[in-house]
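Here is how the chains run, residue by residue.
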Amino acid sequence: MLHGQLFLKTSTMSLEIQHDTSAQQFTAYLGKEEIGELAYALPEEAAIDFQHTFIEQEYRGKGYADQLIKHGLEYAQEKGLNVIATCQAVASYLERHPQA
């Protein structure tokens with residue numbers, strides 16, 4: 001019974017995303033565990049280049065990369081930055097969500 005309760009708790013944990021401007025990345029956490037990152041560069045004053053998205057193997061296929069990318073794109077929009085999608089995952093997300 002306890003094992004089932006722990007499984008339920010893990011499956012309903014929400015993703016927390018932290019932005020580290022000095023490292024130029026957004027980091028995704030489930031609880032205290034770091035599960036992924038979205039790295040970027042600022043090649044020009046009004047541009048952000050999303051260069052790399054990574055999600056730990058056991059968390060792939062659960063939509064966490066999309067949540068991370070969406071968060072990064074919302075940041076870019078808030079700051080008025082033009083988006084460059086060097087990262088294939090970001091480029092693919094933008095194709096699937098042209099309104100983003």
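What comes next is a walk through the structure. The numbering scheme is per chain: residues are counted from 1 as the chain's sequence reads. Totals for whole chains, interfaces and linings use all residues, but because this is a predicted model, local features are given only for residues with pLDDT of at least 70 and pairs of side-chain atoms are given and counted only at 80 or more. As a rule here, side-chain values come from all non-hydrogen atoms in the structure, and water together with hydrogens is ignored.

## Focus on the pairing of strand 4 (residues 47-55)
And step 1. Two strands pair under a simple rule: DSSP has to find at least two bridges between them. Runs of E in the DSSP output that reach at least two residues are strands. Runs of H or I that reach at least four are helices, and both are numbered from the N terminus. Sheet topology places strand 3 (residues 33-41) next to strand 4; six bridges connect them, and they run antiparallel. Note on strand 4: the bridge partner recorded for Ala-41 is Asp-49.
And step 2. In textbook terms, the turn of a hairpin is the stretch between consecutive antiparallel strands, and for strand 3 and strand 4 this stretch comprises five residues.
And step 3. Across four bridges, strand 4 lies against strand 5 (residues 82-85) in parallel orientation. Of the residues in strand 5, the one forming a bridge with Asp-49 is Ile-84.
And step 4. The parallel pair strand 4 and strand 5 is bridged by helix 2 (residues 64-79), and the resulting crossover is right-handed. Every crossover in which the path from the first strand over the helix to the second runs clockwise, viewed with the strands pointing away from the viewer, is termed right-handed.

## Looking at the sheet that holds strand 3
And step 1. With mixed pairing, five strands are arranged side by side in an open sheet as 1-2-3-4-5. With one partner strand each, in any of the chains shown, strand 1 (15-20) and strand 5 form the two edges of the open sheet. Within this sheet the neighbouring strands show an average axis-to-axis angle of 30°, counted without direction.
And step 2. With six bridges joining them, strand 2 (residues 25-30) and strand 3 adopt antiparallel strand pairing. The residue of strand 3 that forms the bridge with Phe-26 is Leu-38.
And step 3. Residue contacts are counted whenever heavy atoms from the two residues lie within 4.5 Å of one another. With axes taken as lines fitted to C-alpha atoms, and helix axes fitted only over the stretch in contact, angles between N-to-C directions fall between 0 and 180 degrees. Contacts between helix 2 and the sheet are confined to strand 1, strand 2, strand 3, strand 4 and strand 5, with strand 4 contributing the most and set at about 165° to the helix.
And step 4. Packing against the sheet, helix 3 (residues 88-96) makes contact with strand 3, strand 4 and strand 5, and its axis sits at approximately 120° to strand 5.

## Things to note about the packing of aromatic side chains
And step 1. Pairing of aromatic rings covers Phe, Tyr and the six-membered ring of Trp, with a centre-to-centre limit of 6.5 Å; geometry is then stacked below 30 degrees between planes, edge-to-face above 60, and tilted otherwise. Applying the stated criterion across every chain, the model contains four aromatic pairs.
And step 2. Ring geometry for Tyr-40 against Phe-50: centres 6.4 Å apart, planes inclined by 70°, an arrangement best described as edge-to-face. Remark: Phe-50 occurs in strand 4 and Tyr-40 occurs in strand 3; sequence separation between them is ten residues.
And step 3. Buried, partly exposed and exposed residues are distinguished by accessible area as a fraction of the type maximum, computed with a 1.4 Å probe on protein chains only: under 20%, between the cut-offs, and over 50%, respectively. By relative accessible area, which is 1% here, Phe-50 ends up buried.
And step 4. Among the aromatic residues, those joined into a cluster by ring pairs are Phe-26, Tyr-40, Phe-50 and Tyr-75.

## Some details on the environment of Tyr-59
And step 1. Take Tyr-59: it is sitting in the loop between strand 4 and helix 2.
And step 2. Note: C-alpha distance between Tyr-59 and Gly-36 (23 residues apart in sequence) is 8.8 Å.
And step 3. Each residue touching Tyr-59, except ones within four places of it in the same chain, is listed here: Leu-30, Glu-33, Ile-35 and Tyr-64.

## Remarks on a negative patch on the surface
And step 1. Two distance rules govern patches: like charges are joined within 9 Å, and nonpolar side chains (Val, Leu, Ile, Met, Phe, Trp, Tyr) within 5 Å, applied only to residues with over 30% relative accessible area and no salt bridge. Accessible areas in this description were obtained via Shrake-Rupley with a 1.4 Å probe; residue shielding takes into account the shown protein chains only. Definition used for salt bridges: Asp or Glu carboxyl oxygen within 4 Å of a side-chain nitrogen of Lys or Arg. Under the convention used here, Asp and Glu are negative, Lys and Arg are positive, and both His and the chain ends fall outside the count. To locate a charge, the coordinates of NZ of Lys, CZ of Arg, CG of Asp or CD of Glu are taken. A surface patch of negative charge is lined by Glu-33, Glu-34, Glu-56 and Glu-58.
And step 2. If you trace the backbone, Glu-56 turns up in the loop between strand 4 and helix 2.

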